[in-house]
Amino acid sequence: MMDFETLIRDVPDFPRPGILFKDITPLLGHGAGFAAAIRHMAEPWRAAGIEVVAGIEARGFILGAALARELGAGFVPIRKPGKLPGRTLGADYALEYGSDRLEVHADAVASGTRVLLVDDVLATGGTLAASRRLVEGVGADLAGAMVLIELAALRGRERWSDTVPLRALLRY
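Residues numbered from 1 in each chain as written. Predicted model: local features only at pLDDT ≥ 70, side-chain atom pairs only at ≥ 80, totals over all residues. Heavy atoms only, no water.

1. Comments concerning the nonpolar core
- Within the largest apolar cluster, 28 residues are counted, with the highest numbers of intra-cluster contacts made by Ile-50, Leu-67, Leu-71 and Leu-148.
- Counting only elements with at least two residues in this core, the list comes to α1 (25-28), α2 (31-42), α3 (59-71), β7 (114-122), β8 (141-150) and β9 (166-171).
- In terms of residue count, α2 provides more of this core than any other element does, five residues in total.
- Beyond its immediate chain neighbours, meaning those up to four positions away, Leu-67 contacts Ile-38, Met-41, Ala-42, Val-53, Leu-116, Val-118 and Met-146.
- Among the nonpolar cores identified, the runner-up in size contains 25 residues, and Val-76, Ile-78, Leu-134 and Val-164 belong to it. (Core = buried A, V, L, I, M, F, W, Y, C linked by side-chain atoms within 4.5 Å. Buried < 20%, exposed > 50% of the residue type's maximum accessible area, 1.4 Å probe, protein only. Helix = DSSP H or I, 4+ residues; strand = E, 2+ residues; numbered from the N terminus. Contact = heavy atoms within 4.5 Å.)

2. Description of the packing of α2 against α3
- Interaxial distance between α2 and α3 falls to 9 Å at its minimum, and their mutual angle equals 65 degrees. By the angle between their directions, the pair α2 and α3 is classed as roughly perpendicular. Helix-helix and strand crossings are classified by hand; for α2 and α3 the assignment is right-handed. Mapping the contact onto sequence places Phe-34, Ile-38, Arg-39, Met-41 and Ala-42 in α2 and Ile-62, Leu-63, Ala-66, Leu-67, Glu-70 and Leu-71 in α3.
- A class-by-class count of the residues in the contact of α2 with α3 yields nine nonpolar, no polar and two charged. (Axes fitted to C-alpha atoms, helices over the stretch in contact; angles between N-to-C directions. Parallel < 35°, antiparallel > 145°, perpendicular 65-115°, else oblique. Left-handed = near helix turned anticlockwise from the far one by under 90°. Nonpolar A, V, L, I, M, F, W, Y, C, P; charged D, E, K, R; others polar.)

3. Some points on the sheet that holds strand β4 (residues 74-78)
- Taken together, five strands build an open sheet; the order of strands is β4-β3-β7-β8-β9 and the sheet is parallel. Because the sheet does not close on itself, it has two edges, and the strands there are β4 and β9. Strand-to-strand twist of the sheet, defined as the mean angle between neighbouring strand axes without regard to direction, takes the value 20 degrees.
- Where strand β3 (residues 52-56) meets β4, five bridges bridge the pair, whose relative direction is parallel. Paired with Val-52 across the two strands is Gly-74, which belongs to β4. (Pairing = 2+ DSSP bridges.)

4. So, the pattern of salt bridges
- Here the structure, examined in full by the defined rule, presents 14 salt bridges.
- Ionic pairing is found between Glu-70 and Arg-46, a salt bridge with its closest N-O pair at 2.7 Å. Of this pair, Glu-70 sits in helix α3 while Arg-46 sits in the loop between α2 and β3, and the two are 24 residues apart along the sequence.
- Accessibility expressed as a relative area gives 32% for Glu-70, which makes it partly exposed.
- Among the residues examined, Arg-46 registers a relative accessible area of 39% and is labelled partly exposed.
- Between Arg-132 and Glu-136 there is a salt bridge, with the nearest N and O atoms lying 3.1 Å from each other. (Salt bridge = Lys/Arg side-chain N within 4 Å of Asp/Glu carboxyl O.)

5. Thoughts on the packing of aromatic side chains
- Applying the stated criterion across every chain yields a total of two aromatic pairs.
- Note on Phe-14 and Phe-21: the rings are 5.1 Å apart at their centroids and 80 degrees apart in plane angle, and the pair reads as edge-to-face.
- Given a relative accessible area of 21%, Phe-21 falls into the partly exposed group.
- Both rings, one in Phe-61 and one in Phe-75, keep their centres 6.2 Å apart while their planes meet at 85 degrees; by these two values the pair is edge-to-face. Taken together, the positions of Phe-61 in helix α3 and Phe-75 in strand β4 put the pair 14 residues apart, joining distant regions of the chain.
- The class of Phe-75 is partly exposed, set by a relative accessible area of 32%.
- Sitting above the plane of the Trp-160 ring, Arg-132 keeps its charged end 4.7 Å from the centroid. (Phe/Tyr/Trp six-rings, centres within 6.5 Å; stacked < 30°, edge-to-face > 60°. Lys NZ or Arg CZ within 6 Å of the ring centre and 35° of its normal.)

What follows is the structure in structure tokens.
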């Protein structure tokens with residue numbers, strides 16, 4: 001497997017002091033590295049019957065759309081509030097300082113559709129848990145979730161049920 005860590009840049013004190021940000025833009029800008037990362041992210045899901053990939057705003061859009069293409073699936077965006085036209089379903093989630101909300105079109109997928117959630121980073125798990133509630137709320141069959149990076153020390157995996165697979169390409 002390619003050494004993807006060499007294409008992930010550490011940015012200290014971003015977006016605020018004390019945070020070590022894992023910047024994936026060097027990976028995205030490296031054609032062979034990006035393609036290899038998507039292939040490796042797709043591997044555990046090739047036989048899972050994925051019909052739709054749901055990507056979480058914003059970097060999850062980049063990875064999710066590429067992964068959908070790799071898997072021959074459709075793509076559905078999970079967005080911040082007020083970004084989608086039409087009727088939406090929303091899910092609130094807690095942040096370190098306050099809360100946020102994610103939304104999906106109420107008719108994004110038909111009931112029973114096999115969906116894979118995709119995001120760039122699993123940190124505390126709030127975003128992924130809210131997205132799961134949305135996908136299940138529209139009646140989809142959640143096959144699992146895939147992230148590029150898991151920040152294991154933040155224990156976000158603990159907010160995820162073991163009954164649905166959660167995979168990470170890289171763990172820090």
